[in-house]
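A structural walkthrough
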Amino acid sequence: MSATTALHLAAEIGGPPHYDARHYVELARLAERGTLDFVTLGDSFARPGLDALAVLSRVAPATRRIGLVPTVTTTHTEPFHVSSAVATLDWVSRGRAGWSAEVSTTEAEARLFGRRSAAPAAELWREAGETADVGARLWDSWEDDAEIRDVATGRFVDRDKLHYVDFEGATFTVRGPAIVPRPPQGHPVTVIDGTGGPGQEAAARHADVVLVRATGPEQAAGIRADVRHRAAAYGRDPDTLRVLVALTVDLGDAETAPEPGLESGPPLAAGGSYYRGGPVDLAELIAQWHRAGAVDGFHLTPITPERDLERIVNGTVALLQHRSLFRTFYPGGTLREHLGLARPANRYALAEGRA
Amino acid sequence: MTAPTRKQMHLAAHFPGVNNTTVWTDPRSKSQIDFSSFEHLARTAERGRFDFFFLAEGLRLREHNGRIHDLDVVGRPESLTVLSALAAVTDRLGLAATVNATFNEPYELARRLATLDHLSDGRAAWNVVTSSDAFTGENFRRGGYLDRADRYTRAAEFVATARELWDTWTPDGTPRPFRHQGRHFTIEGEFTVPRSPQGHPVVIQAGDSPEGREFAASAADVIFTRHGTLEAGRTFYSDVKARLAKYGRQPDDLKIMPGVTFVLGDSDAEAQERAAEIRRQQISPQNAILALEQVWGRDLSSYDPDGPLPEIDPDPDSGLVQGRVRIGDPLAVAARWRALSEAKGLSIRQTVIETTGRQSFIGSPETVASELVEFVSTDAADGFILVPHLTPGGLDDFVDRVVPLLQERGAFRSEYTGLTLRSHLGLADPVGKD
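All values derive from a computational prediction rather than experimental measurement.

With that settled, the discussion passes to the packing of helix α2 (residues 52-59) of chain A against helix α2 (residues 79-86) of chain B. The contact between α2 of chain A and α2 of chain B brings their axes to 6 Å, and the two run at 40°. Between α2 of chain A and α2 of chain B, the crossing angle belongs to the class labelled oblique. α2 of chain A and α2 of chain B meet at a crossing whose hand is right-handed. Residues L53, A54, S57 and R58 of chain A of α2 of chain A touch α2 of chain B, and the partners they reach there are T81, S84 and A85 of chain B.

Attention now moves to the environment of R409 of chain B. Residue and element names in this part refer to chain B. Within the element layout of this structure, R409 appears in the loop between α13 (396-408) and α14 (421-425). R409 sits 40 residues away from A369 along the chain, and the two C-alpha atoms are 9.1 Å apart. Within the structure, the side chain of R409 is placed 2.8 Å from the side chain of S370, a separation counted as a polar contact.

In this section: the pairing of strand β6 (residues 124-129) of chain B. Residue and element names in this part refer to chain B. Taking burial as the measure, the six residues of β6 include six buried ones, the bulk of the element. Here β6 shows no split at all, with A124, W126 and V128 on one side and A125, N127 and V129 on the other all buried. Here six bridges tie strand β5 (residues 94-100) to β6, and the two strands are oriented parallel to one another. Its bridge partner lying in β6, A96 is registered against A125. For the segment spanning β5, helix α3 (residues 106-119) and β6, crossover handedness is right-handed. Two strands pair when backbone bridges link them, and β6 and strand β9 (residues 202-206) are joined in this way by four bridges, in the parallel orientation. Pairing of A125 across the sheet is with V202, part of β9.

Our next topic: the interface of chain B and chain A. The interface of chain B with chain A comprises 60 residues on the first partner and 64 residues on the second. Between chain B and chain A the total buried area reaches about 5,400 Å² when both faces are included, carbon and sulfur atoms providing 59% of it. Per-residue buried area on chain B facing chain A is highest for W24, R111 and R141 of chain B; these three make up 15% of the total on that side. The interface formed by chain B and chain A holds seven salt bridges in total. For R159 of chain A, the salt bridge is made with D70 of chain B, and the minimal N-O distance between the two is 3.6 Å. Applying the counting rule to chain B against chain A returns 29 residue pairs in polar contact (both at pLDDT 80 or more). Looking at the side of chain B that touches chain A, the elements with two or more residues in it are α1 (35-47), β4 (67-68), α2, α3 and β8 (186-190) of chain B. For the side of chain B that touches chain A, the element with the highest residue contribution is α3 of chain B, accounting for seven residues.

Let's shift gears to the pattern of salt bridges. Pairs may arise between side chains of opposite charge once their charged atoms sit close together. Under the definition given, this model contains 58 salt bridges over all chains. In this structure, R28 of chain B engages D26 of chain B in a salt bridge whose closest nitrogen and oxygen atoms are separated by 2.9 Å. The class of D26 of chain B is buried, set by a relative accessible area of 8%. Across the pair D266 of chain B and R401 of chain B runs a salt bridge whose closest N-O atoms are separated by 2.8 Å. Of the two residues, D266 of chain B sits in the loop between β12 (262-264) and α8 (268-282) while R401 of chain B sits in helix α13, which places them 135 residues apart along the sequence. Here D266 of chain B falls in the exposed class, since its relative accessible area comes to 54%. If you follow the salt bridges from partner to partner, you end up with D140, D144, R182, R343 and R347 of chain A in one network.

Relative to the assigned elements, E108 of chain B resides in helix α3. Buried within the structure, E108 of chain B lacks any salt-bridge partner; its nearest side chain of opposite charge belongs to R112 of chain B, at an N-O separation of 5.2 Å. Setting aside residues no more than four positions away along its own chain, E108 of chain B makes contact with F45, T77 and F113 of chain A.

Turning our eyes to something else, we now look at the pairing of strand β10 (residues 222-225) of chain B. Residue and element names in this part refer to chain B. Residues V222 and F224 point to one face of β10 and I223 and T225 to the other, with burial holding for every one of them. Bridge analysis of β9 against β10 gives three bridges, and the strand direction is parallel. Directly across from I204, in β10, lies its bridge partner V222. This β-α-β element, β9 to helix α6 (residues 210-219) to β10, shows right-handed connectivity. As paired strands, β10 and strand β11 (residues 255-260) are joined by four bridges and run parallel to one another. The residue of β11 that forms the bridge with F224 is M257. Between β10 and its parallel partner β11, the chain crosses via helix α7 (residues 230-243), and the hand of that crossover is right-handed.

Thresholds, definitions, all that
Residues numbered from 1 in each chain as written. Chains lettered and ligands numbered in written order. Predicted model: local features only at pLDDT ≥ 70, side-chain atom pairs only at ≥ 80, totals over all residues. Heavy atoms only, no water. Axes fitted to C-alpha atoms, helices over the stretch in contact; angles between N-to-C directions. Helix = DSSP H or I, 4+ residues; strand = E, 2+ residues; numbered from the N terminus. Parallel < 35°, antiparallel > 145°, perpendicular 65-115°, else oblique. Left-handed = near helix turned anticlockwise from the far one by under 90°. Contact = heavy atoms within 4.5 Å. Polar contact = N/O pair within 3.5 Å; in protein donor to acceptor, adjacent residues only side chain to side chain. Buried < 20%, exposed > 50% of the residue type's maximum accessible area, 1.4 Å probe, protein only. Pairing = 2+ DSSP bridges. Right-handed = clockwise from strand over helix to strand, strands pointing away. Buried area = accessible area lost by both parts, 1.4 Å probe. Salt bridge = Lys/Arg side-chain N within 4 Å of Asp/Glu carboxyl O. Lys, Arg positive; Asp, Glu negative; His and termini not counted.

Don't take any of this as a statement about function, it's just geometry.
What follows is the structure, encoded as structure tokens:
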């Protein structure tokens, strides 16, 4: 088993929909006080709620360090627009953006667009993988030093450092280059839910952070090893992946949970296993799984965000910090730095020997 | 005390970039992509009590002669995402995004616009543009392109569909199922966003073709035009306002706002001198040759920008020019340029400066304020979308020196009187369906 990295923690701040920015700003600031790596905000065209990427853009200037990871669906959207919007979130947050790729499998969602019928998840995840692929290519399509402002020759950009991506996927093509210059992180962080199922291959191939579901440390370790193995098969260095266990947590009233721990969750625990207990017990669980080398960290979905996130930050995280198991400050500024992930080299600069 | 009975002017700030209006060679020119630049210009506009902040859009990098254009500012963020962030650092300023109706779908875009309206407490606007070229289409699933007529019918149906979606929630906050069946879109389901603070984000229409005017008269709240002279402005104004009645709308329901540039100086003479210098910066030697090639349709890179115009004739069918450049009949333009050059003894660069380097308002703050007021009070415009030539400080002087004069003359608000962009523009909230 390969050693895990420093402990990484993330939290979902969605829940029942809110239609004002203040609610989300407060939750993100709370998570930032807990020095969490990032917050996620789930999204779907199928249920009430605001556009998650826009909400986290609104949150960006109101926060300073926390990573911002909206769900972005790839099924009925344009890959070129998706790439531009995620890159822009990285610009407005000064290097704190990620995106959680999702697909829309239902006929109801398809009818909102009227462009194509619903398709099997496996097919849609192949397309999501292609969207992640073309997104990364577009982010690279401007070399970091493409803007030269050379008064002598009158050139604002060096066109030799701008690249066509000429991508041909099964359902779309993109010529490129991007409109948005290469974002601060090079590539914003790609998050994919990769436990079994059709998202697994896209996760192993394209994700920086893979969310998995497990009910015990042994199972988690096995899944993590499998994800890393699959990533290696795609020619990736497995150490450039972070595998986080998804847990839905209910820290509400510890007294009602005679045995703190994981349960088979109610249907709403779609994001992972269901944990019920107190903040201290949750800290124990996190410490134990991480110490066992089973995971790189956890993605926690509070069942009631306002209440449970406060308990996570002031209870669970405070205890992990007290035991020196989790950072007490952000040593860096970007989400990649929080996650211990390098800024990717630019494939086009590399191709021309200008790495 | 005088009551502000004068017709009130509307002002908007255009973030510069992606054309040669923006002088990137000036040492004060900063990033066109860092958020701090957007924040500076937006805060300045809000300090000046402007109606809104305006972002253009690009969906493909321009090319010339098959190569990416490299002389002007290029590279920009995606509009709606930047404006969502700007909502955090402004309180009242309207936030207008240019978003193409050809390469988007109504459900997704209506949702993103309604989201911006919620996140900004009612300050969102959508500048509807269309695209006719397969060149841009190469970045999208749709690919190809729509012909001119089709792109307007699609845009009109797009706006109508978005309005249907914005109207689907009941005033008490319950979603109702919708179904739209039309030539371009057949969609149904449930919209996921409740009615937003403005009901409908403000709709802006750019362009002044006959199709564009008709579309604006039927569906837009603001029309973004380009008319440099009082005379042209008045003609356009009366034409467009007259079109409103047949759609059951009042003249005040559509605001006419030309995009304009300005150059200020302590005196009119100083402003003229500065304006000439800015035109020289905007049209570098390389840009002069490029402008020439766009007319001539030939590779003229060997010509001296400080020398005379070419003696060879334009080749209109060379295919050298792609993308958005529309210059009219090249032979006629070339003849006009030659005549001008001979009459005044102008070099290539001087000719290009003379013919393309126009600035709208040049003078002392008093002169510029007077001219702006005259445009508005004589119905050549309802206001202006100001295009500064510097990023991001290009609006500072205008806000510090011209706005106070407009306010003193009762031509422009001293404080915001409402919370939403519709209230700044004096537009009624659209009536929702019970």
